[in-house]
Amino acid sequence: MDIPKFLKSFKYATHGILHVIKSEQNFRFHLLAAIIVLLASIITGLSSFEWIIIIILISGMFMIELVNASIERVVDLASPDFHQLALQAKDLAAGACLVYAICSAIVGFIIFIPKWWGIIF
Ligand SMILES: Nc1ncnc2c1ncn2[C@@H]1O[C@H](COP(=O)(O)OP(=O)(O)OP(=O)(O)O)[C@@H](O)[C@H]1O
């Protein structure tokens, strides 16, 4: 196994994540939302299964935002001028992020609302 090559791939991946944090406002918003959800999870007290769901949802959101940012860059490179297919590629990727965000919010409500219900009422 080529260990230096393996370690370099971590370096490149870290560069990609740092770049997207610096350049993408949406990613920073999701980072803030993830911190709030993690704090709420700690304060609320979740089961192991619920923690697994929350971690999958948060990491999934980051993954899809990274893929979306990647698609945006490839589209800008391939089609700097207006093109209907460029528009569709970017809108489809943005749509994928929206579907996942809505799904995550619904699952979050299903986990948290019953736990908070007893505290609030
Ligand atoms: N080359 C293009 N041809 C046609 N439409 C485009 C093109 N580039 C962008 N668009 C349209 O403009 C929208 C916004 O594109 P933009 O590149 O600004 O991405 P964004 O979603 O605002 O993300 P970011 O703010 O991170 O750049 C796209 O979703 C698409 O509808």
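Source: prediction; values computed, not measured.

Draft legend 1. Just the site of the ligand, in detail. Around the ligand, the neighbouring residues are Glu24, Glu72, Ser79, Asp81, Phe82, His83, Ala86, Leu87, Lys90 and Asp91. Note that a nitrogen atom of the ligand is positioned 3.2 Å from one of the backbone N or O atoms of aspartate 81. In the environment of the ligand, a nitrogen atom lies 3.0 Å from a nitrogen or oxygen atom belonging to the backbone of histidine 83. Within the complex, 57% of the 610 Å² of free accessible area of the ligand lies under protein.

Draft legend 2. Spatial organisation of helix H3 (residues 48-78). When the terminal C-alpha atoms of H3 are compared, their 45 Å separation across 31 residues agrees well with the 45 Å that a helix rising 1.5 Å per residue should span. Among the residues making up H3, those that are buried are Glu50, Ile54, Leu57, Ile58, Gly60, Met61, Phe62, Glu65, Asn68, Ala69 and Val75. Close packing links the buried residues of H3 with helix H1 (3-23), helix H2 (25-44) and helix H4 (84-120).

Draft legend 3. Just the pattern of salt bridges, in detail. As enumerated under the stated definition, the model contains three salt bridges in all. The partner of glutamate 24 in a salt bridge is arginine 73, and the shortest N-O contact between them spans 3.1 Å. Here arginine 73 lies in helix H3 and glutamate 24 lies in the loop between H1 and H2, a separation of 49 residues in the sequence. Ionic pairing is found between lysine 90 and aspartate 76, a salt bridge with its closest N-O pair at 2.6 Å. With a gap of 14 residues between them, lysine 90 in helix H4 and aspartate 76 in helix H3 connect regions that are remote in the sequence. Judged by its relative accessible area of 28%, lysine 90 is partly exposed.

Draft legend 4. Representation of the packing of H3 against H4 within the structure. Taken N-terminus to C-terminus, the directions of H3 and H4 make an angle of 165°; their axes are 10 Å apart at the nearest point. With respect to H4, the element H3 is oriented roughly antiparallel. As for the relative orientation of H3 and H4, their crossing is left-handed in sense. Of the residues assigned to the contact of H3 with H4, the class counts are 19 nonpolar, three polar and six charged.

Draft legend 5. Spatial organisation of a nonpolar patch on the surface. There is a patch of nonpolar side chains on the surface, built from Phe109, Ile113, Trp116, Trp117, Ile119, Ile120 and Phe121 and spanning about 850 Å² of accessible area. When you line up the elements, phenylalanine 109 lands in helix H4. Its relative accessible area of 55% is what places phenylalanine 109 among the exposed residues.

Draft legend 6. The arrangement of the UniProt feature "binding site: substrate" (unreviewed entry) in the protein chain in detail. Mapped onto this numbering, the UniProt entry annotates "binding site: substrate" (unreviewed entry) at Glu65. Within the fold, glutamate 65 resides in helix H3. A relative accessible area of 6% places glutamate 65 in the buried class. Excluding residues that lie within four positions of it along the chain, glutamate 65 makes contacts with Asn26, Phe27, His30 and Cys97.

The rules behind these values
- Residues numbered from 1 in each chain as written.
- Predicted model: local features only at pLDDT ≥ 70, side-chain atom pairs only at ≥ 80, totals over all residues.
- Heavy atoms only, no water.
- Near = heavy atom within 4 Å.
- Polar contact = N/O pair within 3.5 Å; in protein donor to acceptor, adjacent residues only side chain to side chain.
- Areas by Shrake-Rupley, 256 points an atom, 1.4 Å probe, with all protein chains shown as cover.
- Helix = DSSP H or I, 4+ residues; strand = E, 2+ residues; numbered from the N terminus.
- Expected span 1.5 Å × (residues − 1).
- Buried < 20%, exposed > 50% of the residue type's maximum accessible area, 1.4 Å probe, protein only.
- Contact = heavy atoms within 4.5 Å.
- Salt bridge = Lys/Arg side-chain N within 4 Å of Asp/Glu carboxyl O.
- Axes fitted to C-alpha atoms, helices over the stretch in contact; angles between N-to-C directions.
- Parallel < 35°, antiparallel > 145°, perpendicular 65-115°, else oblique.
- Left-handed = near helix turned anticlockwise from the far one by under 90°.
- Nonpolar A, V, L, I, M, F, W, Y, C, P; charged D, E, K, R; others polar.
- Patch = residues over 30% accessible without salt bridge, like charges linked within 9 Å, V, L, I, M, F, W, Y side chains within 5 Å.
- UniProt positions renumbered as here; feature names shortened; annotations may be inferred.

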